[in-house]
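Each chain, letter by letter, is given below.
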Amino acid sequence: MTVLHGAFVVLRPTIAEDILALAAIRATPEVRARWRGEDDLAADIAADLQDPDIHALTVHYRQRAVGMIQWYSEEDPDYRHAGIDLFLDPTLHGNGLGTDAVRTLACHLIDDHGYHRLVIDPAADNTAAIHCYAKVGFQPVGIMRQYERGLDGTWHDGLLMELLAAELMR
Ligand SMILES: CC(C)(COP(=O)(O)OP(=O)(O)OC[C@H]1O[C@@H](n2cnc3c(N)ncnc32)[C@H](O)[C@@H]1OP(=O)(O)O)[C@@H](O)C(=O)NCCC(=O)NCCS
């Protein structure tokens, strides 16, 4: 089992025992606004855990599950790259844990899996996320117009950000 140690957080593959804690975090307004989800968030997370294309890691901080970070990949050799997404308990936002989690996973994807390019796609108005990813070295590529449907049912812009291996701020 791959366990990744950051400066503050520990990332462990998500297991069934994590689901209730993660569903409670997904249910907070701050996270639901960005991750959406159906009424049964525990079922959503359980379904994601069955998806072979998603690699989910639970973010642990001080022995507690405080969020999830996941990655997926494009394995066509001519376009090979990986993408990241995450959420954290809102009571802990703004303390550097997101930056630590993204940096730790980015190191793993580059060093252990050999990806030369990573992407991440926050909503264009998600200033905290964009700032967090920039601190790891992600650079804005451009706005993806009407990229994702928000909780209100309307289409919102996304910001595509990318990081090349040499740009990772370790
Ligand atoms: C995005 C998220 C993972 C970031 O985690 P975090 O632990 O809060 O991030 P960090 O503390 O490492 O970094 C956030 C930075 O944004 C800054 N920030 C927060 N709100 C901000 C705002 N409205 N405008 C500008 N900067 C802001 C913080 O001050 C911090 O920067 P600093 O360290 O230079 O002070 C977390 O906020 C989260 O889970 N949000 C809800 C779900 C979500 O949006 N997921 C991302 C989907 S792409």
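Residues numbered from 1 in each chain as written. Predicted model: local features only at pLDDT ≥ 70, side-chain atom pairs only at ≥ 80, totals over all residues.

Explain the overall build of the chain here, please?
The helix and strand tally for the chain stands at 5 helices and 8 strands. Starting at the N terminus and ending at the C terminus, the chain contains elements arranged as β-β-α-α-α-β-β-β-α-β-α-β-β. Relative to its length of 170 residues, the chain is compact, with a C-alpha radius of gyration of 15 Å against a globular reference of 15 Å. Projecting the C-alpha coordinates of the chain onto the three principal axes gives extents of approximately 40 × 40 × 30 Å. Expressed as a percentage of its 170 residues, the buried residues of the chain come to 32%. Sequence separation of 24 or more characterises 57% of the internal contacts of the chain that already satisfy a separation of 6 or more. (Helix = DSSP H or I, 4+ residues; strand = E, 2+ residues; numbered from the N terminus. Rg over C-alpha atoms; globule rule 2.2 N^0.38 Å. Buried ≥ 20, exposed ≤ 12 C-beta atoms within 10 Å, placed from the backbone. Contact = placed C-beta atoms within 7 Å.)

Explanation requested: the environment of Glu167 in the structure shown.
As for its position among the elements, Glu167 is in the segment after β8 (155-164). When the C-alpha atoms of Glu167 and Gln139 are compared, they prove to be 9.2 Å apart, with 28 residues separating the residues in sequence.

What should I look at first to understand unusual backbone geometry in this one?
Apart from glycine, the bulk of residues carry a negative phi angle, and the bulk of peptide bonds sit in the trans form. A positive phi angle, close to 50°, is found at Arg36, a residue other than glycine. If you trace the backbone, Arg36 turns up in the loop between α2 (29-35) and α3 (41-49). Judged by local crowding, Arg36 falls into the partly exposed class, with 14 C-beta atoms found within 10 Å. Here Arg62, not a glycine, exhibits a phi torsion of approximately 50°, which is positive. Mapped onto the elements, Arg62 comes out in the loop between β3 (55-61) and β4 (64-74). C-beta crowding within 10 Å serves as the criterion here: with 9 such atoms nearby, Arg62 is assigned to the exposed category.

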